[in-house]
Amino acid sequence: MKPEVNAMRTIPKTTLVAQIERLVIQAANVLGGEVVACLKTAREAEASPSLARHILDEILENQEIARRESVPLCQDTGVAVLFLEIGTGLSFDYDLSEAVNEGIRRGYQNGYLRKSVVRHPFDRKNTLDNTPAVIHERLVPGDSLRIRFAPKGAGSENLSRLAMLTPADGLEGVVRFVLETVRLAGGKACPPLVLGVGIGGNFEKSAELAKEALFRPLADEAPEPLDRELEKRLFAEVNALGVGPMGFGGKTTCLAVKVNSFACHIASLPVAVNLQCHAARHTEIELRGEDA
Ligand code: SF4
């Protein structure tokens, strides 16, 4: 008897390109409701009157205007970062990366968003369409494609850091490094921040963990108890630094801390801190495969 062959499914290229274009424009113009709610809570916690409260009012008004007028909430519309979870039951008769970049291209062009990508770090020639995107791909069971998109501005990205600590540095070494990163960034990373902290793996894995942590819902908690405890501790200690909104002092230096961890070498303790400014923009969609 012949083994049963499961029919492959696909996502039409036109659907993929159109959805990515939509995700790009939405992310640039509309700050997520969860971030807005966090900013409102932070505003209430600041003294009244205070510079911190005034700045949070300005940030809240800015995102409201952006949403209403369909304009970007920040001039820096970033490098396009995507995490793709690709169902193993999907097949594509086109180049997936090329199609993703076409969606990015259309989003930045049709949304009138600033093109911020240069061809090479030395000749600095603008590619004029914000491609290529930084694309992280992962195979998962099923026949859906989950797309998560973030436009990552340079202000907070430039102040992100990575350290190859040793096991002897331990938890306290990680805490010191995270606090030092936030202190060094000061107002330049446009706080209040969301902190993505990646611990473990190796050099590049820790950075990817930190980046992906920024896509987590602000209100969730790490599944691993050790990470969960660290998130709570860092949230309190980062806010105790007093950097405050845009670095002018106050109780709100971060809105959330997200710790993602991974197994690592017996001799290593990599830690990456990816800073996300208050324009914590990201959008996502899950596309179900259609009959190929
Ligand atoms: S750090 Fe964020 S808010 Fe500041 S300029 Fe860059 S994208 Fe805009």
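You'll find the structure just up there.
Numbers given for residues are sequential positions, taken from 1 along each chain in its written order. Reporting in this predicted model follows two pLDDT cut-offs: at least 70 for local features of residues, and 80 or more for side-chain atom pairs to be given and counted; totals over whole chains, interfaces and linings ignore these cut-offs and use all residues. No hydrogens and no water enter the side-chain calculation; it runs on all heavy atoms of the structure.

Student: An account of the pairing of strand β3 (residues 134-140) is needed here, citing residue identities and associated values.
Tutor: A pair of strands is labelled paired if DSSP reports no fewer than 2 bridges between them. What counts as a helix is a DSSP run of H or I of at least four residues, what counts as a strand is a run of E of at least two, and both are numbered from the N terminus. As judged from the 7 bridges shared by strand β2 (residues 79-87) and β3, these two strands associate in the parallel manner. Each residue of the ladder has a partner; that of Leu 82, found in β3, is Ile 135. Read from β2 through helix α4 (residues 96-110) to β3, the crossover connection turns out right-handed. Crossover handedness is defined here as right-handed if the route from the first strand over the helix to the second strand goes clockwise, with the strands pointing away from the viewer.

Student: Give a detailed account of the nonpolar core, specifying residues and quantitative values.
Tutor: To define a nonpolar core, start from buried Ala, Val, Leu, Ile, Met, Phe, Trp, Tyr and Cys residues and group those joined through side-chain atoms within 4.5 Å. The classification of residues rests on relative accessible area computed with a 1.4 Å probe and restricted to protein chains. Under 20% of the type maximum is buried, over 50% is exposed, and intermediate values are partly exposed. In terms of nonpolar packing, the biggest core is built from 26 residues, with Leu 16, Leu 82, Leu 84, Ile 104, Leu 145, Ile 147 and Phe 149 touching the most fellow members. Where this core is concerned, the elements lending two or more residues are α1 (13-29), β2, α4, β4 (144-152) and β9 (283-288). The dominant element in this core, judged by the number of residues it contributes, is α1, at 7 residues. Leu 179, Val 182, Leu 195 and Ile 199 belong to the second-largest nonpolar core, a separate cluster that totals 24 residues.

Student: I'd like a description of the sheet that holds β9, backed by residues and values.
Tutor: What holds strands together in a sheet is hydrogen bonding between their backbones, with the strands either parallel or antiparallel. Ordered in space as β3-β2-β4-β9, the 4 strands form an open sheet in which the pairing is mixed. The open sheet is flanked by β3 and β9, the only strands paired with a single partner. Pairs of neighbouring strands in the sheet enclose a mean axial angle of 15°, with direction left out of account. Alignment of β4 against β9, held across 6 bridges, turns out to be antiparallel. Pairing of Ser 144 across the sheet is with Arg 288, part of β9. Contacts were defined at the residue level, with two residues in contact if any of their heavy atoms lie within 4.5 Å. Between N-to-C directions, angles span 0 to 180 degrees; the directions come from axes that are lines fitted to C-alpha atoms, helices contributing only their stretch in contact. This element, α4, spans β2, β3 and β4 of the sheet and lies at about 140° to β2. Packing of helix α7 (residues 203-213) onto the sheet brings it into contact with β2, β3 and β4, and relative to β2 it is tilted by some 95°.

Student: Go over the site of the ligand, please, and point to the residues and values.
Tutor: Around the ligand sit Cys 74, Gln 75, Asp 76, Gly 153, Gly 155, Ser 156, Ala 189, Cys 190, Cys 277, His 278 and Arg 281, and those are all the residues in its vicinity. When residues are grouped by polarity, Ala, Val, Leu, Ile, Met, Phe, Trp, Tyr, Cys and Pro land in nonpolar, Asp, Glu, Lys and Arg in charged, and all others, Gly among them, in polar. Of the residues belonging to the shell around the ligand, the class tally is 4 nonpolar, 5 polar and 2 charged. If even one non-hydrogen atom of a residue comes within 4 Å of a molecule or strand, that residue is called near it.

Student: Go over the side chain of Glu 46 with me, naming the residues and quoting the values.
Tutor: Within the secondary structure, Glu 46 sits in the loop between α2 (33-45) and α3 (51-69). At 5.7 Å, Lys 251 is the nearest oppositely charged side chain to Glu 46, a buried residue that forms no salt bridge. Not counting the four nearest positions on each side in its chain, Glu 46 is found in contact with Ala 52, Arg 53, Leu 56, Pro 245, Gly 250, Lys 251 and Thr 252. Positive residues here are Lys and Arg, negative ones are Asp and Glu, while His and the chain termini are left out of the count. By salt bridge we mean one thing: a side-chain nitrogen of Lys or Arg within 4 Å of a carboxyl oxygen of Asp or Glu.

Student: I'd like a description of the sheet that holds strand β7 (residues 254-264), backed by residues and values.
Tutor: Here we have 4 strands laid out as an open sheet, ordered β5-β8-β6-β7, and mixed in their pairing. In this open sheet, the two edge strands, each paired with only one partner strand, are β5 (161-165) and β7. Across this sheet, the average inter-strand angle for adjacent strands is 15°, counted without regard to direction. Relative to β7, strand β6 (residues 193-201) runs parallel, the two being bridged by 9 bridges.

Student: Explain the pattern of salt bridges to me, using residue names and the numbers behind them.
Tutor: Going through the model one piece at a time under the given rule, you end up with 27 salt bridges. Measuring nitrogen to oxygen at the nearest pair gives 3.8 Å for the salt bridge that ties Arg 138 to Glu 85. Of the two residues, Arg 138 sits in strand β3 while Glu 85 sits in strand β2, which places them 53 residues apart along the sequence. The buried category is assigned to Glu 85, whose relative accessible area is 15%. Of the charged contacts in the structure, one is a salt bridge between Arg 146 and Glu 85, with a shortest N-O distance of 3.2 Å. Taken together, the residues span a long stretch of sequence, with Arg 146 in strand β4 and Glu 85 in strand β2 at a distance of 61 residues. The class of Arg 146 is partly exposed, set by a relative accessible area of 24%. One network of salt bridges, in which partners are shared, links Glu 85, Arg 138, Arg 146, Arg 148, Glu 212 and Glu 284.

Student: For α1, give the residues involved together with the corresponding values.
Tutor: Here α1 is 17 residues long and its end C-alpha atoms lie 25 Å apart, about the 24 Å a rise of 1.5 Å per residue gives. When we look at burial in α1, the residues that qualify are Leu 16, Val 17, Ile 20, Glu 21, Leu 23, Val 24, Ala 27, Ala 28 and Asn 29. If you follow the buried residues of α1, they end up packed against α3, α4, β4 and β9. Expected helix span is given by 1.5 Å per residue-to-residue step, counting one fewer step than there are residues.

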